[in-house]
Amino acid sequence: MPPVFRFAPSPTGGLHIGHAYSALLNEKLAREAGGRLLLRVEDTDTTRCRPEFVDAICTDLDWLGIRFNGETRRQSEHFETYEQAAGRLREKGLLYPCFASRSQIAESVAARQAAGEGWPRDPDGSPIYPGLWRNAPPDVVAARIAAGEPHAWRIDIARALDGIAADDLAFEEYPDADARETTRVTRDPAVWGDFVIVRKDAPASFHLAGVVDEALQGVTDVVRGSDLQQATGLHRLLQHHLEFKPPRYRHHALLTSEDGEKLSKSRGSQTLAALRESGHTAQDIRTQLGFWNARL
Ligand code: GLU
């Protein structure tokens, strides 16, 4: 079976040069491996994703000359599928409902810090969830659910890791963008604490939807930015419990702007639309990013 790669942007804006690098790297690796390249639109976050950005992304990718195989998958059309996966995790007792608001969580963390307790942060810099609704009385939870109170579903990370050996969560990863061989690695999912798996304001989280889609789409190779490297530990844990075979992973370094900023923070001048309008060609972008071999 030929390998299957995918590019999976979130339509929260047009693409910037960092996305172009990721898409072109996927294109190159898929071509070299004689594989397929899929496009997946990750629009589960209904608060931030907008349909006009989907069109903008397609225009950008078309302009870059990247051709995808098969139909584009839009995650917002598959919420039921993600809900079924969440249901399997719930049946295993691994998720619990959380009714806490952002401010309640922030207050709880602040109170613990004021009491002199250092409080851990996750790899993205957010304080670890302080467990407000973990082991909440079942009758209280049932009454709130019956009253239709909005809630997220969080993973009980201690329970999800109970009885699991490190090797159960190992996966194959290419150490960088150019590596030819994978190494077997594990990444501790506990660093994320009781992370949100089903959001309060959307029927899935990016993490759950992505893991389900890699399996359903037969993705063999996930190539994406190093900002998601630590999240792979959590993804691997979800794969374990959903009994999905893990793909191989490759996390590439993120491009930074000349002043060293992350591109998302200084994206204005670096969007593909802005570069296109200022007269750059797709071949210029490919050359600038080191994909000068590619045939347009
Ligand atoms: N949708 C994510 C993003 O645009 C990427 C997810 C992935 O490649 O796994 O940041």
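Figured I'd write up the structure that's included with this text. (Residues numbered from 1 in each chain as written. Predicted model: local features only at pLDDT ≥ 70, side-chain atom pairs only at ≥ 80, totals over all residues. Heavy atoms only, no water.)

Digging into the side chain of Glu-42
Working step 1: Within the element layout of this structure, Glu-42 appears in the loop between strand E2 (36–41) and helix H2 (51–64).
Working step 2: A distance of 2.9 Å separates polar atoms of two side chains, one belonging to Glu-42 and the other to Arg-40.
Working step 3: Here Glu-42 is in contact with Ala-8, Pro-9, Ser-10, Pro-11, Cys-49, Gln-75, Phe-206 and Gly-210, once residues within four sequence places are set aside. (Helix = DSSP H or I, 4+ residues; strand = E, 2+ residues; numbered from the N terminus. Polar contact = N/O pair within 3.5 Å; in protein donor to acceptor, adjacent residues only side chain to side chain. Contact = heavy atoms within 4.5 Å.)

Digging into the sheet that holds strand E8 (residues 196–198)
Working step 1: Strand order in the open sheet formed by three strands is E4-E5-E8, and the pairing between neighbours is antiparallel. Edge positions in the sheet fall to strand E4 (95–98) and E8, since each of these pairs with one other strand and no more. Each adjacent strand pair in this sheet contributes to an overall mean axis angle of 45 degrees, direction not counted.
Working step 2: Bridge analysis of E4 against strand E5 (residues 152–155) gives four bridges, and the strand direction is antiparallel. Across the sheet, the residue bridging to Pro-97 is Trp-153, located in E5. (Pairing = 2+ DSSP bridges. Axes fitted to C-alpha atoms, helices over the stretch in contact; angles between N-to-C directions.)

Re the pattern of salt bridges
Working step 1: Enumeration according to the criterion identifies 23 salt bridges in this entry.
Working step 2: The closest approach of N and O atoms between Arg-48 and Asp-45, which form a salt bridge, is 3.8 Å.
Working step 3: You can call Arg-48 exposed: its relative accessible area is 52%.
Working step 4: Residue Asp-221 is joined to Arg-248 by a salt bridge in which the shortest nitrogen-to-oxygen separation is 2.8 Å. Here Arg-248 lies in strand E10 (residues 248–252) and Asp-221 lies in strand E9 (residues 221–225), a separation of 27 residues in the sequence. (Salt bridge = Lys/Arg side-chain N within 4 Å of Asp/Glu carboxyl O. Buried < 20%, exposed > 50% of the residue type's maximum accessible area, 1.4 Å probe, protein only.)

Topic: the pairing of E9
Working step 1: Where burial is concerned, most of E9 is hidden: five out of the five residues are buried.
Working step 2: Here strand E1 (residues 4–7) pairs with E9 via two bridges, running parallel. For Arg-6, the partnering residue across the bridge sits in E9 and is Val-222.
Working step 3: Taken together, the five bridges between E9 and E10 define a ladder with parallel strand orientation.

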